[in-house]
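Observations on the model geometry
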Amino acid sequence: MNNSYALLAILLSAIVTYSLRALPFVIFRDGKMSPILSRLAMVLPAAIMAVLVVYGLKDTLSADWTVWVATIAGCGSVMALHAWKHNTILSVFAGTAVYIALLYLL
């Protein structure tokens, strides 16, 4: 593979990436979104979180009791911390820390 082929591939990737990121600004230039997109913007974050929770907990049913305790404590700490501080990143990191710590301690 010569250098011109690699540079062409990098340039093409940069153009495609830039175009895809600029596309929403070009489409919604006037600031109006369709009712369907407005509804998706409201509903999609909760739906994504629900899918992630189900995916994350899918293997818990067949696990040992220690995994159950760690999972319930981790999820509970995420919910409690988020209800208290309203900070998603803090809640997820703290819940993950509680879960991992309990997995190693139990």
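These lines cover the structure that appears in this document, whether it is placed above or below. (Residues numbered from 1 in each chain as written. Predicted model: local features only at pLDDT ≥ 70, side-chain atom pairs only at ≥ 80, totals over all residues. Heavy atoms only, no water.)

**Examining the overall build of the chain**
As a reminder, the rule being used: Here a helix means four or more residues in a row that DSSP labels H or I, a strand means two or more in a row labelled E, and each is numbered from the N terminus. Atoms counted for the radius of gyration: C-alpha only. Globule rule: 2.2 Å times residue count to the power 0.38. With a 1.4 Å probe rolled over the protein chains alone, any residue whose accessible area is under 20% of its type maximum counts as buried; one over 50% counts as exposed, and the rest are partly exposed. Whether two residues are in contact is decided by their heavy atoms, any of which lying within 4.5 Å being enough. Only the protein chains shown count as cover for residues, with accessible areas throughout obtained via the Shrake-Rupley method and a probe of 1.4 Å.
For the chain, the helix and strand inventory stands at 4 helices and 0 strands. Secondary structure elements of the chain, listed N to C terminal, follow the sequence α-α-α-α. Against the compact-globule benchmark of 13 Å for 106 residues, the chain has a radius of gyration of 22 Å, which places it well outside the compact range. Taken over the C-alpha atoms alone, the chain extends approximately 55 × 45 × 25 Å along its principal axes. Here the chain, with 106 residues, has 8% of them falling under the buried criterion. Here the analysis covers contacts within the chain between residues at least 6 apart in sequence; of these, 41% occur between residues at least 24 apart. Total accessible area on the chain stands at roughly 8,900 Å², and carbon and sulfur atoms take up 75% of it.

**Concerning the side chain of Thr-60**
By secondary structure assignment, the location of Thr-60 is in the loop between helix 2 (35–57) and helix 3 (65–85). In contact with Thr-60, other than residues within four places in its own chain, are Trp-68 and Thr-71.

**Examining the packing of aromatic side chains**
Selection rule: Classification of ring pairs rests on two measures: the distance between centres of Phe, Tyr or Trp rings, Trp counted by its six-membered ring, which must be within 6.5 Å, and the angle between planes, read as stacked under 30 degrees, edge-to-face over 60 and tilted in between. Any Lys NZ or Arg CZ found within 6 Å of a ring centre and within 35 degrees of that ring's normal is scored as a charge over the ring.
Applying the stated criterion to the full structure yields 0 aromatic pairs. The aromatic ring of Tyr-55 is capped on one face by Lys-58, whose charged end is 4.7 Å from the ring centroid. It is Lys-85 that lies over the ring of Trp-84; its NZ or CZ is 4.5 Å from the centre.

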